[in-house]
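Each chain, letter by letter, is given below.
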Amino acid sequence: MYWPRDHNTVIQKLLRKARHGAQVIYIPGNHDENVRDYDNYVFGDIIVKNSDVHTTADGKKFLVVHGDEYDTIAQCHKWLAKIGSEGYDFLIWINRFLRIIRRWFGLQSNFSLAAYVKFKVKNVVQFISDYEESIVSTLKDQDLDGVICGHIHHAEMKEIGSFLYINTGDFVESCTAIVEHFNGTLELVKWHKIQSTTADNEALEVNALR
């Protein structure tokens, strides 16, 4: 298992927020599906739910779910999903070494081998499109304004008909997340852009001090 110190830091910060009153809900997926047996259990300050309905500040309702429940391959061809998962993990493992090598040559990019391979395969691109259509067609008549999911690791935020499809992406390849502003507006944020914006602001502050 790959578990560096930074992972502990993230978990500790989440636990601290929960202790200080933030509502933290843990929604498991196909990679940790054994946790699904504890639906609606409370562990310390963390609630486990297989899915949840989130109402935004402006009154819109979104189903929050991992999303593998709407993946026909994951549900009907588990052996194929397992092979795909193992292959993805292998590419992530190789990518760690590629990043070290790129740093040796002074290349500070956030290149993801897994993402590169994934979007070079036409069938995968078609699968993503089919997945989006499938989950929206299943949920659009359930008194919801949209869905917030993950699973396929492809960050996206778009309207399909009058239904808002949101995919959070992940913290490995795309380094993305969904945030809600105080007025209820949802936004897809990208860590790389936040980093570059922060760096630009710091450079401006240094120049201003000079």
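Residues numbered from 1 in each chain as written. Predicted model: local features only at pLDDT ≥ 70, side-chain atom pairs only at ≥ 80, totals over all residues. Heavy atoms only, no water.

**Quick look at the sheet that holds strand β3 (residues 46-48)**
Phase 1 of the analysis: The strand order across the open sheet formed by 3 strands is β1-β3-β2, and the pairing between neighbours is mixed. The strands lining the two open edges of the sheet, one partner per strand, are β1 (24-26) and β2 (42-43).
Phase 2 of the analysis: Two elements, β2 and β3, share 2 bridges in a ladder whose sense is antiparallel. Its bridge partner being in β3, Phe 43 is matched across the sheet by Ile 46. (Pairing = 2+ DSSP bridges. Helix = DSSP H or I, 4+ residues; strand = E, 2+ residues; numbered from the N terminus.)

**Topic: the packing of aromatic side chains**
Phase 1 of the analysis: According to the stated counting rule, one finds 3 aromatic pairs in the structure shown.
Phase 2 of the analysis: Summarising the aromatic geometry, the rings of Tyr 38 and Tyr 41 are spaced 5.5 Å apart at their centres and angled 90° between planes, so their arrangement reads as edge-to-face.
Phase 3 of the analysis: On the basis of relative accessible area, Tyr 38 is assigned to the partly exposed category, the value being 39%.
Phase 4 of the analysis: Ring plane angle 20° and centroid distance 6.2 Å describe the contact between Tyr 41 and Phe 43, whose orientation is recorded as stacked.
Phase 5 of the analysis: Residue Tyr 41 is classed as partly exposed on the basis of its relative accessible area, which comes to 46%.
Phase 6 of the analysis: Aromatic ring contacts, followed pair by pair, group Tyr 38, Tyr 41 and Phe 43 into a single cluster. (Phe/Tyr/Trp six-rings, centres within 6.5 Å; stacked < 30°, edge-to-face > 60°. Buried < 20%, exposed > 50% of the residue type's maximum accessible area, 1.4 Å probe, protein only.)

**As for a positive patch on the surface**
Phase 1 of the analysis: A cluster of basic residues, Lys 13, Arg 16, Lys 17 and Arg 19, forms a positive patch at the surface.
Phase 2 of the analysis: Positionally, Arg 16 belongs in helix α1 (residues 5-19).
Phase 3 of the analysis: Note on Arg 16: relative accessible area 37%, which makes it partly exposed. (Patch = residues over 30% accessible without salt bridge, like charges linked within 9 Å, V, L, I, M, F, W, Y side chains within 5 Å. Areas by Shrake-Rupley, 256 points an atom, 1.4 Å probe, with all protein chains shown as cover. Salt bridge = Lys/Arg side-chain N within 4 Å of Asp/Glu carboxyl O. Lys, Arg positive; Asp, Glu negative; His and termini not counted. Charge placed at Lys NZ, Arg CZ, Asp CG, Glu CD.)

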